[in-house]
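Fold and geometry: a report
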Amino acid sequence: MTAQISLRNVGKIYHLGEVDIRPLQDVSLDIGAGEFVAIMGASGSGKTTLMNVIGCMDRPTEGRYLLEGTEVSTLSGDELARVRNRKFGFVFQSFNLLARTAALENVELPLLYWNDLPGRERRKRAEAALARVGLSDRMGHHPSQLSGGQQQRVAIARALVNEPAIVLADEPTGNLDSASEREIVALLHELNAAGITVVLVTHNPEIGAHAKRLIRIRDGRIVEGA
Amino acid sequence: MNLLKTLHLALRSLLRNKVRTGLTMLGIVIGISSVIAMVAMGQGASMMIQDQLSTMGRNIVMVFPGAASSGGFSFGGGSSTTLTSEDGAAAAGLGSVRAVAPVVRTRAQIIAGGQNWVPQSMMGTSPEFLDVRDWAMDEGGFFTETDVASSAKVCVLGRTTADTLFPGETAVQQTIRIKNFPFRVLGVLARKGTSAMGQDQDDVVLAPWTTVKKTLQGSAFSNVDQLLVSAKSDVEAASAELTSLLRQRHRIREGDDSDFRILTMDEMASTVTQTSRVMTLLLAMIASISLVVGGIGIMNIMLVSVVERTREIGLRMAVGARRRDILMQFLMEATAISVAAGVIGMVLGSAAAWVISGTLKWPTLISPASIGIAFAFSCAVGIFFGFYPALRASRMDPIEALRYE
């Protein structure tokens, strides 16, 4: 059986004038369905680029990327947008919630694209996702009325609303106090226990230690856990 | 994403920033409402002028005597005595002419019972006058050719004159005195209203032109002050035929100036309507400048908004929005602003036109065409000025956008 995420000799090259920048070089990596993986590395090590490639935000310039057996490195921008919408949930360090917008509406956002759900159905799904992260009583609140931990939980609900196979979290606890950090990590464990693949990017070893598998990256190459 | 969902999304975004949205709309509101009000005023004015001109009668050609001069000394327009009622009779025989009425003008005081009055207009003419001026009788009848031939002391009154001289009773078969000559009133003309020059056309006394000339003016000549000609259909042809006929009758040599002037109603009407059309166009142009300024305001705010919402754009792309979805969202926001502003502008402009016609007594005409054009314009302004900011939004790189501080 092939892995859910399968990278083969993937590289990324930027040409900046005379200089070539290679944030990723010859990365081969398999991640199976239901894994909990942490990608760790110092800043500038290429972990964010790797994350962007895995999340179909960025196309590799070399190598192949099979997502659930389908080659995605050659897809068009619109097709990649569809893959992101259907397969992935994104959680960011800075939450990226829309200001002056109720939590419920924030969570509904991914449902606006690539489907024709009626408004009532969108609302129902968003309510269910918020309930899953324990925020049923905060649905009408704006981000400014929520704590950092609550905001990140809204963001996780948004990542879950389309029932993705994979959740990608880029430093999800980077802006949070330690109590909220524990909450969020526990929530990610819960999701993983429910069968969702979790890929966590962090430079914090404590957070990395929660993962079942650790991948270390340095200077664009995987040095451990491939 | 379908249009309805995009519209809904756009409206949500706009309502998130009500003050800014309102201020952005202001430019278009002012632009559209001034276009609507200006065009309404211009069209109302030209409609009023045309209405008044049409009361003069259809296909009218007027012939005036030219200037007489003696020893290099001109007596001014109308002083020539060469235009006669015989000219009129000859003109009536032309193929392109329907009817001709000679006109002699005078001014005199009228006495009837205890009332006296100087009507604005006292004219001597022939029975063709009614036909030429397209005028109907209210009461009684008009004088006849026989009355003209015998210089009978009979007359017909306009509505205003009749009501002034005989308040509360009929004027028909009453006797009035003009310069102490008794005239029998044969009838009263139907109301015609104000002329294009602002004169009350119903303050008039008509009598046979021979009576006015001989009895009232005491003149031995048979020249007239004006020939009122009604052309069959082609006014140009009629005025050309009249010119050659009169030059021939007056023995004017090739190359010499005519001793008469010809003026057609169409010339007057087209001069007046041309003027008001240019005015309307000018007003609309000035107003559309404010529309363009409003459009630039929209573009400005949309550009700011796109930069401000960089992370939102990145996020939307991350969760699956295509570039087209982003483009449509921002384009829809700009269009929604300008269309909403356009609708408000139409309402305000119509209200302004209504107030203007109420307080200044200036007629206004709000045509469906001007409403339609204003609406189309506000859509176009939104799409045109919203496109560039929307394009900038849709061209963003999602990774960069998400990291934007």
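The model shown is predicted, which means the values in this text are computed figures rather than measured ones. Counting restarts for each chain, with residues numbered from 1 along the sequence as it is written. As a convention, the first chain written is A and the first ligand written is 1, with the rest following in written order. Given that the model is predicted, a residue must reach a pLDDT of at least 70 before its local features are reported, and side-chain atom pairs must reach 80 or more before they are shown or counted; all residues, however, enter totals for whole chains, interfaces and linings. The side-chain quantities take in all heavy atoms of the structure and omit both hydrogens and water.

So, on to the overall build of chain B. In terms of regular secondary structure, chain B is built from 13 helices and 14 strands. C-alpha atoms define the radius of gyration, and 2.2 Å times the number of residues to the power 0.38 defines the globule rule. At 34 Å, chain B has a C-alpha radius of gyration far larger than the 22 Å of a compact globule built from 405 residues. Only protein chains enter the calculation, and the probe is 1.4 Å; a residue is then buried if its accessible area is under 20% of its type maximum, exposed if over 50%, and partly exposed in between. Counting only residues that meet the buried cut, chain B has 49% of its 405 residues in that class. Taking contacts inside chain B between residues at least 6 apart in sequence as the whole, the part at least 24 apart equals 76%. Looking at charge distribution, chain B has the averaged site of its 36 positive side-chain charges lying 10 Å from that of its 32 negative ones. Secondary structure counts use DSSP, requiring at least four H or I residues in a row for a helix and at least two E residues in a row for a strand, with both numbered from the N terminus. In what follows, residue pairs with any heavy atoms lying within 4.5 Å of each other are defined as contacts. Within this scheme the basic residues Lys and Arg register as positive and the acidic residues Asp and Glu register as negative, but His and the chain ends are omitted. Charge coordinates come from a single atom per side chain, which is NZ of Lys, CZ of Arg, CG of Asp or CD of Glu.

Where a domain begins and ends is set by an automatic assignment or by a domain database. Its domain assignment divides chain B into domain 1 (3-52 + 271-403) and domain 2 (81-258). Centre-to-centre separation of domain 1 of chain B and domain 2 of chain B, based on C-alpha positions: 57 Å.

With that settled, the discussion passes to the packing of helix 2 (residues 18-54) of chain B against helix 12 (residues 368-394) of chain B. All names here are of chain B. Contact pair helix 2 / helix 12: the axes reach a minimum separation of 10 Å and the direction vectors enclose 160°. Comparing the axis directions of helix 2 and helix 12 gives the class roughly antiparallel. Crossing handedness for the pair helix 2 and helix 12: right-handed. For the pair helix 2 and helix 12, the contacting residues are Ile28, Ile32, Ile36 and Val39 in the first and Ser370, Ile371, Ala374, Ser378 and Val381 in the second. Three residue categories are used. Nonpolar comprises Ala, Val, Leu, Ile, Met, Phe, Trp, Tyr, Cys and Pro, charged comprises Asp, Glu, Lys and Arg, and polar comprises the others, including Gly. Per-class residue counts for the contact of helix 2 with helix 12 are seven nonpolar, two polar and no charged. Between the N-to-C directions of two axes lies an angle of 0 to 180 degrees, each axis being a line fitted to C-alpha atoms and, for a helix, fitted only over the stretch in contact. Note on angle classes: values under 35 degrees are labelled roughly parallel, values over 145 roughly antiparallel, values of 65 to 115 roughly perpendicular, and the remainder oblique. Each crossing is labelled by how the near helix is turned from the far one, with a counterclockwise turn of less than a right angle marking it left-handed and a clockwise turn marking it right-handed.

Attention now goes to the nonpolar core. Buried Ala, Val, Leu, Ile, Met, Phe, Trp, Tyr and Cys residues that are joined via side-chain atoms within 4.5 Å together make up what is termed a nonpolar core. Judged by nonpolar contacts, the single largest core of 70 residues is most densely connected at A:Leu29, A:Leu50, A:Ile54, A:Tyr65 and A:Phe88. Here this core takes nine residues from helix 11 (residues 323-359) of chain B, the largest share from any one element. In this view, A:Leu29 contacts A:Ile5, A:Ser6, A:Leu7, A:Arg8, A:Leu50, A:Ile54, A:Arg213, A:Ile215, A:Ile222, A:Gly225 and A:Ala226; residues no more than four positions away in its chain are not counted. Core analysis: the next-biggest nonpolar cluster, separate from the first, contains 66 residues, B:Ala101, B:Ala112, B:Val204 and B:Leu246 among them.

Bringing the confidence of the model for chain B into the picture now. Residue-level pLDDT values for chain B average 88, and 96% of them are 70 or greater. The predictor rates its confidence in each residue with pLDDT, a number between 0 and 100. Mean pLDDT in chain B bottoms out at strand 2 (residues 69-70) of chain B, which sits at 64, and peaks at helix 10 (residues 310-318) of chain B, which reaches 95.

Bringing the pairing of strand 10 (residues 175-178) of chain B into the picture now. Residue and element names in this part refer to chain B. Burial along strand 10 is one-sided: Ile176 and Ile178 are buried, and none of Thr175 and Arg177, which face the opposite way, are. Following DSSP output, two strands are said to pair if at least two bridges run between them. Across two bridges, strand 5 (residues 110-112) lies against strand 10 in antiparallel orientation. Note on strand 10: the bridge partner recorded for Ile110 is Ile178. Of the pairings in the sheet, the one linking strand 10 to strand 11 (residues 181-189) comprises four bridges and is antiparallel in character. Residue pairing in the sheet places Thr175 in a bridge with Arg184 of strand 11. Here strand 10 hands over to strand 11 after two residues, with Lys179 in that stretch at a positive phi of 45°.

The partner chain A presents 26 residues to the 23 residues of chain B that form the contact. Together chain B and chain A conceal approximately 2200 Å² of surface at their shared face, both sides included; 55% is due to carbon and sulfur atoms. Salt bridges, as used here, are contacts in which a Lys or Arg side-chain nitrogen is within 4 Å of a carboxyl oxygen on Asp or Glu. Taken together, the links from chain B to chain A amount to three salt bridges. Taken together, the elements giving at least two residues each to the side of chain B that touches chain A come down to helix 1 (3-15), helix 10, helix 11 and helix 13 (398-403) of chain B. Examining the composition of the side of chain B that touches chain A, we find that six residues originate from one element, helix 10 of chain B, more than from any other. Two parts placed together each lose some accessible area under a 1.4 Å probe, and the buried area is that loss summed for both.

With that settled, consider the pattern of salt bridges. This model, assessed by the stated rule, comprises 27 salt bridges over all chains. Measuring nitrogen to oxygen at the nearest pair gives 2.7 Å for the salt bridge that ties A:Asp30 to A:Arg8. Taken together, the residues span a long stretch of sequence, with A:Asp30 in strand 2 (residues 19-31) and A:Arg8 in strand 1 (residues 5-16) at a distance of 22 residues. A salt bridge links B:Asp131 to B:Arg98; the shortest N-O distance between them is 2.9 Å. Of this pair, B:Asp131 sits in helix 4 (residues 128-133) while B:Arg98 sits in strand 4 (residues 97-106); the two residues are 33 residues apart in sequence, bridging distant segments of the chain. One network of salt bridges, in which partners are shared, links B:Asp138, B:Glu139, B:Arg159, B:Asp163 and B:Arg191.

All names here are of chain A. Judged by pairing direction, the sheet is antiparallel, and its four strands sit side by side in the order 2-1-4-5 without closing on themselves. Looking at strand neighbours, the two that pair on one side only are strand 2 and strand 5 (70-71), the edges of this open sheet. Sheet topology places strand 1 next to strand 4 (residues 62-67); five bridges connect them, and they run antiparallel. Counted as the bridge partner of Ser6 is Leu66 from strand 4. Packing of helix 1 (residues 47-54) onto the sheet brings it into contact with strand 1, strand 2 and strand 4, and relative to strand 2 it is tilted by some 60°.

The grouping of B:Asp234, B:Glu236, B:Asp266 and B:Glu267 at the surface amounts to a negative patch. Mapped onto the elements, B:Glu236 comes out in helix 8 (residues 235-249). A patch is a set of surface residues, each over 30% in relative accessible area and not in a salt bridge, joined within 9 Å for like charges and within 5 Å for the nonpolar side chains Val, Leu, Ile, Met, Phe, Trp and Tyr. Note on areas: these come from Shrake-Rupley sampling with a 1.4 Å probe, and a residue is covered only by the protein chains present in the view.

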